[in-house]
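Structure assessment
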Amino acid sequence: VQEISARVHAMAPDVTEKLSYGIVGYFYKGKALVYAGGWETYVSMYPIPESLLDSEDLPKYQKGKGTLQFPNNEPLPTEFIDAVVAGHLARLS
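Predicted, not measured: the structure shown is a model, and the values here were computed from it.

**Description of the sheet that holds strand E3 (residues 31-38)**
With respect to topology, five strands assemble into an open sheet ordered E1-E2-E3-E4-E5, the strand pairing being antiparallel. Both outer strands of the open sheet, strand E1 (16-20) and strand E5 (68-71), are each paired with one neighbouring strand and no more. Each neighbouring strand pair of the sheet contributes to a mean axis angle of 25°, computed without reference to strand direction. Alignment of strand E2 (residues 23-28) against E3, held across five bridges, turns out to be antiparallel. Counted as the bridge partner of Tyr26 is Val34 from E3. Strand contacts of helix H3 (residues 78-92): E2, E3, strand E4 (42-46) and E5, with the helix running at about 155° to E3, the strand carrying the most contacts.

Written out as structure tokens, the structure reads:
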């Protein structure tokens, strides 16, 4: 989650954070950008931006309708995470 947080802050330096339901919410211009939570075997991000619904990488990480999961025993897919954040920033801009 710390690495995701660093990437979110790098892409949107003026985001604010709020802890809700045990996960971190990142807010941009007062609106929810993305959420991230750390669990025993994976890290999750919510929701999936519409811009990635056709991504060939999405099936590797999608769990449920709007959840992404990244296993803790694998390197984080930083380019994909950046695309998630970028998709949400475009939605809010």
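There's more to say after this.
**Focus on the pattern of salt bridges**
All chains considered together, the criterion is met by two salt bridges. Ionic pairing is found between Arg7 and Asp82, a salt bridge with its closest N-O pair at 2.7 Å. Here Asp82 lies in helix H3 and Arg7 lies in helix H1 (residues 2-11), a separation of 75 residues in the sequence. Its relative accessible area of 25% is what places Arg7 among the partly exposed residues. Salt-bridge contacts for Lys60 lead to Asp57; the nearest nitrogen and oxygen are separated by 3.0 Å.

What counts, and at which threshold
Residues numbered from 1 in each chain as written. Predicted model: local features only at pLDDT ≥ 70, side-chain atom pairs only at ≥ 80, totals over all residues. Heavy atoms only, no water. Pairing = 2+ DSSP bridges. Helix = DSSP H or I, 4+ residues; strand = E, 2+ residues; numbered from the N terminus. Axes fitted to C-alpha atoms, helices over the stretch in contact; angles between N-to-C directions. Contact = heavy atoms within 4.5 Å. Salt bridge = Lys/Arg side-chain N within 4 Å of Asp/Glu carboxyl O. Buried < 20%, exposed > 50% of the residue type's maximum accessible area, 1.4 Å probe, protein only.

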